[in-house]
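# Chain and residue survey
So you can see what is in the structure, the chains are spelled out below.
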Amino acid sequence: MRVRSPATSANLGSGFDVFGMALREPYDLIEAERLPERAVELEIVGGYQVPLKPEENTGGYVALEMIRDFDIGGGVKFRIWKNIKPGSGLGSSAATAAAAAYAVNKLYGLGLSATELVEYAARGELVSAGAAHVDNVASAIYGGFIIISSRNPLKIYSIRPPSGLGAVVVLPNVEKGSTRRAREVLPSSIPLHHLVHNVGAASTLAAGMALGDPEMIKWGMRDVVVEPARSSAGIIPEYDGVKALGERFGAGVAVSGAGPAIIALIEREKRSELAVALKEFYRSRGYECVVYVTEPGPGVSEF
Ligand code: HSE
């Protein structure tokens, strides 16, 4: 079978570890086939390189876990076109993990629910991030916008974003280091007024998704906790400048996941103009970048 698995943007500013959104582009393509023997094989046939040992690869690890848990008598081979850059903040590891969970479930007729697939895919995140955060994998499985309402027990709500909502994603050519490191720089406690701010912003964003109101969505992306901490730690280059630029264009701007990619949400017809301005902004500061003019998209699927 052939599977398409989307890039995802976690947090959307105010919803750290809670909000996520699947993007129409970029995406990985994965071919999966059954093996007669109980083994997991991986091959990268295009794009970025990732670990090929199954226990070190987010998708390979997920497949090993599912084969063991369901006592499957065979194995699986994955051939991967890795278009989503690892360490970019665009859910590269989650895309592989979600594709693996989806493919093994289908190839062996396990009949798992979407929530169960998310739990398996989250085990892949442990391999790469050291924490089984589920915001990226849930977005990759469900598509659209998701809310991790509770982690234990896992409860996910999924909302279809308004059709007029577009996204511009900018990936500057800097190495942010690991997601693990980007989590280590976060404060272990926060002042009450920061909590009040972020709850207000996140509620507005979620309500905006449900009501189909782009202004509420953009307004609700403002975070005063996680992004400033990561910016101060030097993980998000030009953070203040890029936020200010986005605001001038009427966009909501957030760090995508743990960065360094930035996601700007804006009406579809205003995307191109913003994309050009963002690219020029980074270039003027000495960074080359890849820009995706995209929109919310579907979850992992066969094609
Ligand atoms: N919510 C996670 C974080 C996403 O910000 O650390 C990592 O991709």
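Summary of the structure given here. All figures in this text were calculated on a predicted structure; none of them were measured in a lab.

## Overview of the overall build of the chain
Helix and strand counts for the chain come out as ten helices and eleven strands. Relative to the globule expectation of 19 Å for 303 residues, the C-alpha radius of gyration of the chain, 19 Å, shows essentially globular dimensions. Seen through its C-alpha atoms, the chain measures out along the principal axes to roughly 60 × 40 × 35 Å. The buried share of the chain, reckoned over its 303 residues, is 53%.

## Some points on unusual backbone geometry
Where the residue is not glycine, phi is negative for most of them; where a peptide bond is considered, it is trans in most cases. The step from Glu-25 to Pro-26 runs through a cis peptide bond, and the omega angle for that step is -5 degrees. Here the phi dihedral of Asn-11 falls at roughly 85 degrees; this positive angle occurs in a residue that is not glycine. When you line up the elements, Asn-11 lands in the loop between β1 (2-10) and β2 (19-35). Residue classification places Asn-11 among the buried positions, given a relative accessible area of 6%. Here Asp-71, not a glycine, exhibits a phi torsion of approximately 50 degrees, which is positive. For Asp-71, the location among the structural elements is in the loop between α1 (58-69) and β4 (75-82).

## Notes on the site of the ligand
Around the ligand sit Ala-10, Asn-11, Phe-16, Asp-17, His-133, Asp-135, Asn-136, Thr-179, Arg-183, Arg-230, Gly-257 and Ala-258, and that is every residue in its neighbourhood. At 2.8 Å, a side-chain N or O of Asn-11 approaches an oxygen atom of the ligand. Contact between the ligand and Asp-17: a nitrogen atom at 2.5 Å from a side-chain N or O atom of the residue. Burial of the ligand by the surrounding chains reaches 96%, relative to a free accessible area of 260 Å². Residue assignment for the shell around the ligand shows that the elements contributing at least two residues are α4 (135-142) and α5 (179-184). A breakdown of the residues in the shell around the ligand according to their chemical character gives three nonpolar, five polar and four charged.

## A look at the pattern of salt bridges
Summed over the entire model, instances satisfying the criterion amount to 22 salt bridges. Among the salt bridges present, the one from Arg-79 reaches Glu-31, with a minimum N-O distance of 3.2 Å. A residue pair is termed long-range when its members are at least 10 positions apart, and Arg-79 in strand β4 and Glu-31 in strand β2 qualify at 48 residues. A relative accessible area of 25% means that Glu-31 is categorised as partly exposed.

## A closer look at a nonpolar patch on the surface
Residues Ile-190, Leu-192, Leu-195, Val-196 and Val-199 make up a contiguous nonpolar surface patch of roughly 460 Å² in combined accessible area. Under the relative-accessibility criterion, Ile-190 is labelled partly exposed at 37%.

## Brief notes about the nonpolar core
Counting 42 residues, the largest nonpolar core has Val-76, Phe-78, Val-104, Val-118 and Val-137 as its most contacted members. When residues of this core are traced back to their parent elements, those giving at least two are β2, β3 (40-47), α1, β4, α2 (92-107), α3 (114-129), α4 and β5 (145-150). Ranked by the residues each element gives to this core, the list is headed by α2, at ten residues. The next biggest cluster of nonpolar side chains, apart from the first, holds 25 residues, and it includes Ile-84, Ala-206, Met-221 and Ile-263.

## Focus on the pairing of β5
Of the pairings in the sheet, the one linking β2 to β5 comprises three bridges and is antiparallel in character. What sits directly across from Gly-20, in β5, is Ile-146. With five bridges joining them, β5 and strand β6 (residues 155-159) adopt antiparallel strand pairing. When the sheet's bridge partners are listed, Ile-147 is paired in β6 with Tyr-157. Where β5 folds back on β6, the antiparallel hairpin that results is connected by four residues.

## Observations regarding the environment of Ala-264
Relative to the helices and strands, Ala-264 is located in strand β9 (residues 262-267). Linking Ala-264 and Tyr-61, residues 203 residues apart in sequence, is a C-alpha distance of 33 Å. Setting aside its immediate chain neighbours within four residues, Ala-264 contacts Gly-166, Ala-167, Val-168, Ala-251, Gly-252, Val-253, Leu-274 and Leu-278.

So, how was this worked out
- Residues numbered from 1 in each chain as written.
- Predicted model: local features only at pLDDT ≥ 70, side-chain atom pairs only at ≥ 80, totals over all residues.
- Heavy atoms only, no water.
- Helix = DSSP H or I, 4+ residues; strand = E, 2+ residues; numbered from the N terminus.
- Rg over C-alpha atoms; globule rule 2.2 N^0.38 Å.
- Buried < 20%, exposed > 50% of the residue type's maximum accessible area, 1.4 Å probe, protein only.
- Near = heavy atom within 4 Å.
- Polar contact = N/O pair within 3.5 Å; in protein donor to acceptor, adjacent residues only side chain to side chain.
- Areas by Shrake-Rupley, 256 points an atom, 1.4 Å probe, with all protein chains shown as cover.
- Nonpolar A, V, L, I, M, F, W, Y, C, P; charged D, E, K, R; others polar.
- Salt bridge = Lys/Arg side-chain N within 4 Å of Asp/Glu carboxyl O.
- Patch = residues over 30% accessible without salt bridge, like charges linked within 9 Å, V, L, I, M, F, W, Y side chains within 5 Å.
- Core = buried A, V, L, I, M, F, W, Y, C linked by side-chain atoms within 4.5 Å.
- Pairing = 2+ DSSP bridges.
- Contact = heavy atoms within 4.5 Å.

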